[in-house]
Amino acid sequence: MQLDMAADELKSVLNRLRRAQGQIAGVIRMIEEGRDCEDVVTQLAAASRALDRAGFSIIATGLEQCLADEGQTPGDKDRMRARLEKLFLSLA
């Protein structure tokens, strides 16, 4: 399954990933500086949420594309559903 996202969807996902990247860099810096554990965990949780949201957005796009594909056989749809379910559960 190839990811085919509209420009606005792609921009949103990339923004979330960049935000997570910055937050992870912040967590690394905080640990290196010996910052308070609660602050580190709070920042780490924010990075995790940003990654989860990016992943869910990508999966939602995949679901949307699969549902719109009229040319699939029932077997193709079942296999795609299983693959998407596995992806979804990997983020849960």
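None of the values given here were measured: they were computed from a predicted structure.

Chemist: Even after reading the chapter, I still don't get the overall build of the chain, so can you show me in this structure?
Modeler: For the chain, the count of helices and strands is 3 helices and 0 strands. The order of α-helices and β-strands along the chain, N terminus first, is α-α-α. Per-residue burial over the chain gives 22% buried out of 92 residues. When the accessible surface of the chain is totalled, it reaches about 6,700 Å², and 55% of it is carbon and sulfur.

Chemist: Looking at this structure, I do not really get the side chain of Q23. What am I missing?
Modeler: Looking at the secondary structure, you find Q23 in helix α1 (residues 7–32). A polar contact is formed between the side chain of Q23 and the backbone nitrogen of A47, at a distance of 3.4 Å.

Chemist: I'm lost on the pattern of salt bridges in this one. Help?
Modeler: Side-chain pairs of opposite charge can arise where the charged atoms are in close proximity. For the structure shown, the criterion picks out 1 salt bridge. Among the ionic pairs, E33 bridges to R35, the shortest N-O distance being 3.9 Å. Judged by its relative accessible area of 44%, R35 is partly exposed.

Basis of the calculations
Residues numbered from 1 in each chain as written. Predicted model: local features only at pLDDT ≥ 70, side-chain atom pairs only at ≥ 80, totals over all residues. Heavy atoms only, no water. Helix = DSSP H or I, 4+ residues; strand = E, 2+ residues; numbered from the N terminus. Buried < 20%, exposed > 50% of the residue type's maximum accessible area, 1.4 Å probe, protein only. Areas by Shrake-Rupley, 256 points an atom, 1.4 Å probe, with all protein chains shown as cover. Polar contact = N/O pair within 3.5 Å; in protein donor to acceptor, adjacent residues only side chain to side chain. Salt bridge = Lys/Arg side-chain N within 4 Å of Asp/Glu carboxyl O.

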